[in-house]
Amino acid sequence: MASADFLGKKYKLSTSENFDEMMKALGVGLVTRKMGASVSPVVELTEDNGLYTLKTTSTFKSSEIKFKLGEEFDEETPDGRKVKSIITLDGNKMTHIQKGQKDTHIEREFGPTEMKAVMKVDDIVCTRIYKLQG
Ligand code: ACD
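Scoring rules and cut-offs
Residues numbered from 1 in each chain as written. Predicted model: local features only at pLDDT ≥ 70, side-chain atom pairs only at ≥ 80, totals over all residues. Heavy atoms only, no water. Salt bridge = Lys/Arg side-chain N within 4 Å of Asp/Glu carboxyl O. Helix = DSSP H or I, 4+ residues; strand = E, 2+ residues; numbered from the N terminus. Buried < 20%, exposed > 50% of the residue type's maximum accessible area, 1.4 Å probe, protein only. Patch = residues over 30% accessible without salt bridge, like charges linked within 9 Å, V, L, I, M, F, W, Y side chains within 5 Å. Areas by Shrake-Rupley, 256 points an atom, 1.4 Å probe, with all protein chains shown as cover. Near = heavy atom within 4 Å. Polar contact = N/O pair within 3.5 Å; in protein donor to acceptor, adjacent residues only side chain to side chain. Pairing = 2+ DSSP bridges.

Colleague: Would you explain the pattern of salt bridges in this entry?
Modeller: Oppositely charged side chains may form a pair once their charged atoms are brought near each other. A complete count under the given rule lists nine salt bridges for this structure. The partner of lysine 24 in a salt bridge is aspartate 20, with the nearest N and O atoms 3.9 Å apart. Of this pair, lysine 24 and aspartate 20 both sit in helix α1 (residues 19-25), four residues apart, which is roughly one turn of the helix. Here aspartate 79 ties to arginine 81 by a salt bridge, and the two come within 2.7 Å at their closest N and O atoms. With a relative accessible area of 18%, arginine 81 lands in the buried category. When salt bridges that share partners are traced, they join Asp20, Lys24 and Arg33 into one network.

Now the structure itself:
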């Protein structure tokens, strides 16, 4: 895959492990956890002149964040936490660190057929695999 072939591609959630445990660790309430677990979000990363947009869309909640690589920005998470985020990209691996009441570490690896996200909070590791939408 050439350097940025994954930009503008849509990846849809296919499998998810420990998402409920991660949401619990973040203090997300039962109803939001059940709704969150029931949807299959679509993730798309785009770039325009150094400004990146990461869009996550689902029938329950959606989010869109805009950022420059390596520059801290304010983010509000889908469950309403206000965090300071910083995102870097190394080839096809994107590292997203959220600092707040709870620190979260998200690594997304964009591949030709799937995107793998590994999200860590406390000692919980949540792995979500998204398939390229054809
Ligand atoms: C994804 C899910 C992104 C998960 C983001 C934060 C996890 C923390 C809490 C989840 C809170 C609520 C769950 C509600 C909806 C899930 C879908 C969110 C889409 C913006 O990247 O797959």
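Colleague: Got a minute to help me understand a nonpolar patch on the surface in this structure?
Modeller: A cluster of nonpolar residues, Leu30, Val31 and Met35, forms a patch on the protein surface that exposes about 290 Å² of accessible area. Structurally, valine 31 can be placed in helix α2 (residues 30-38).

Colleague: In this structure, what is going on with the site of the ligand? I would like to understand it.
Modeller: Near the ligand there are 18 residues, and of these Leu26, Lys61, Asp79, Arg128 and Tyr130 occur at the shortest range. Between the ligand and arginine 128, the relevant distance is 2.9 Å, taken from an oxygen atom to a side-chain nitrogen or oxygen of the residue. One of the side-chain nitrogen or oxygen atoms of tyrosine 130 is found 2.5 Å away from an oxygen atom of the ligand. About the coverage of the ligand: the protein hides 95% of its 540 Å² of free accessible area. When residues of the shell around the ligand are traced back to their parent elements, those giving at least two are α1, α2 and β10 (124-132).

Colleague: Explain the pairing of strand β1 (residues 10-17) to me, please; I cannot follow it from the model alone.
Modeller: It is a general feature of regular strands that their side chains alternate between the two faces of the sheet. Inspection of the sheet shows β1 paired to strand β2 (residues 42-48) by three bridges, in the antiparallel sense. Considered in β2, the bridge of tyrosine 11 is made with valine 43. Looking at chain direction, β1 and β10 are connected through six bridges and run antiparallel. Looking at β10, one finds that glutamate 17 is bridged to threonine 127.

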